[in-house]
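# Fold and geometry: a report
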Amino acid sequence: MESWKEERTRSIEDNEMNLPGIAAAYTSILRGLGEDPLRQGLLKTPRRAATAMQFFTKGYQEKISDVLNNAIFDEDHDEMVIVKDIDMFSMCEHHLVPFIGKVHIGYLPNKRVVGLSKLARIVEIYSRRLQVQERLTKQIAVAITESLQPSGVGVVIEASHMCMVMRGVQKMNSKTVTSTMLGVFREDPKTREEFLKLIKD
């Protein structure tokens, strides 16, 4: 079984191997748009764009188990834990343009807690993929549930989608809000209301 370092090295090597093919695809896109990929300002654009796209989707190479390794602790704490306003950047899988927003996470521990920064890392793993906001919200909630086995989890995402802002209806100030409630956050209205109130305050 590969160690985390070996896996990371392999993913870097895979990225290097895939880079020429992605860059060639961007060259074709530039030509298809009527541009000249050989003009000075665009000479390095295909490789830059390919490198950027690999970074935007680096979550495919990362695993929750690697991120949470040695960061889950036994703790006699049963009150709600909330981390709100986690910055999130993702790529819409329908148009390959960004959507950007904030993630709010709450969970009710069941004798186990996780390092707070790790919640932001979970967001990063799933947001750095081609996504739809609804699936992203659920993936974050399910990952926390499977890792911590808490009494409940709530995740709310508020985001602006460039596919709505820059094209189509072009509504500059529109925001999409999605939520996933699991465990007591779904079953108990008071717990859910407390969470929603605290993330708004």
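This report concerns the structure included in the present document. Model, not experiment: these values are computed from the prediction.

Moving on, we come to the pairing of strand 3 (residues 98–108). In terms of residue burial, strand 3 counts as a mostly covered element, since eight of its 11 residues are buried. As paired strands, strand 2 (residues 81–92) and strand 3 are joined by nine bridges and run antiparallel to one another. Bridging from a neighbouring strand, methionine 88 pairs with glycine 101 of strand 3. Linking two consecutive strands that pair antiparallel, namely strand 2 and strand 3, is a turn of five residues; a positive phi of about 60 degrees is found at leucine 96 within it. By the bridge criterion, 10 bridges tie strand 3 to strand 6 (residues 152–161) in an arrangement that is antiparallel. Within strand 6, the residue paired with tyrosine 107 across the bridge is valine 153.

Attention shifts here to the packing of aromatic side chains. All told, the structure shown has two aromatic pairs when counted by the stated rule. With a centroid separation of 6.5 Å and an interplanar angle of 65 degrees, the aromatic rings of phenylalanine 55 and phenylalanine 56 are classed as edge-to-face. Judged by relative accessible area, phenylalanine 55 falls into the partly exposed class, the value being 43%. Between phenylalanine 185 and phenylalanine 195, the aromatic rings sit 5.4 Å apart at their centres with planes inclined by 80 degrees, giving edge-to-face as the arrangement. One end of the pair, phenylalanine 185, is in helix 7 (residues 184–187); the other, phenylalanine 195, is in helix 8 (residues 189–200), and 10 residues separate them in sequence. Assigned by exposure class, phenylalanine 185 and phenylalanine 195 land together as buried.

With the rule as written, the count across this model stands at eight salt bridges. In this structure, the salt-bridge partner of lysine 58 is glutamate 124, at a minimum N-O distance of 3.4 Å. Taken as a pair, lysine 58 in the loop between helix 2 (45–56) and helix 3 (64–68) and glutamate 124 in helix 4 (residues 116–127) lie far apart in primary sequence, 66 residues in all. Judged by relative accessible area, which is 22%, glutamate 124 ranks as partly exposed. Here glutamate 124 makes a salt bridge to arginine 128, at a shortest N to O gap of 3.3 Å. Using a relative accessible area of 11% as the deciding quantity, one classes arginine 128 as buried. Connected through salt bridges with shared partners, the residues Lys58, Glu62, Glu124 and Arg128 form a single ionic network.

We now examine the sheet that holds strand 2. The sheet built from five strands is open, its strands ordered 5-2-3-6-7 with mixed pairing. Edge strands, defined here as strands with exactly one partner in the open sheet, are strand 5 (130–131) and strand 7 (176–183).

For the rest of this paragraph, the subject is the layout of surface pockets. Size it by volume and the largest pocket reaches roughly 320 Å³. Lining the largest pocket are 17 residues, and of these Ile22, Tyr26, Met53, Gln54 and Thr57 sit closest to its centre. At the level of secondary structure, the elements contributing two or more residues to the lining of the largest pocket comprise helix 1 (4–32) and helix 2. Of all the elements, helix 1 adds the most residues to the lining of the largest pocket, at six residues. Its residues placed into classes, the lining of the largest pocket shows 11 nonpolar, five polar and one charged.

Two elements in contact, helix 4 and helix 5 (residues 133–148), have axes whose closest approach is 10 Å; the angle formed by their N-to-C orientations is 135 degrees. In terms of orientation, helix 4 and helix 5 fall into the oblique class. Helix 4 and helix 5 meet at a crossing whose hand is right-handed. The segment helix 4 lies against helix 5, with Leu119, Ile122, Val123, Tyr126 and Ser127 engaging Leu136, Gln139, Ile140, Ala143 and Ile144. Grouping the amino acids of the contact of helix 4 with helix 5 by side-chain chemistry returns eight nonpolar, two polar and no charged.

Here is what the cut-offs are and how they apply
- Residues numbered from 1 in each chain as written.
- Predicted model: local features only at pLDDT ≥ 70, side-chain atom pairs only at ≥ 80, totals over all residues.
- Heavy atoms only, no water.
- Buried < 20%, exposed > 50% of the residue type's maximum accessible area, 1.4 Å probe, protein only.
- Helix = DSSP H or I, 4+ residues; strand = E, 2+ residues; numbered from the N terminus.
- Pairing = 2+ DSSP bridges.
- Phe/Tyr/Trp six-rings, centres within 6.5 Å; stacked < 30°, edge-to-face > 60°.
- Salt bridge = Lys/Arg side-chain N within 4 Å of Asp/Glu carboxyl O.
- 1 Å grid on protein atoms, 1.4 Å probe; cavity = no way out; pocket = protein on both sides within 12 Å on 5 of 7 lines; lining within 4 Å.
- Points joined across faces, edges and corners; volume = space filled by probe spheres on them.
- Nonpolar A, V, L, I, M, F, W, Y, C, P; charged D, E, K, R; others polar.
- Axes fitted to C-alpha atoms, helices over the stretch in contact; angles between N-to-C directions.
- Parallel < 35°, antiparallel > 145°, perpendicular 65-115°, else oblique.
- Left-handed = near helix turned anticlockwise from the far one by under 90°.
- Contact = heavy atoms within 4.5 Å.

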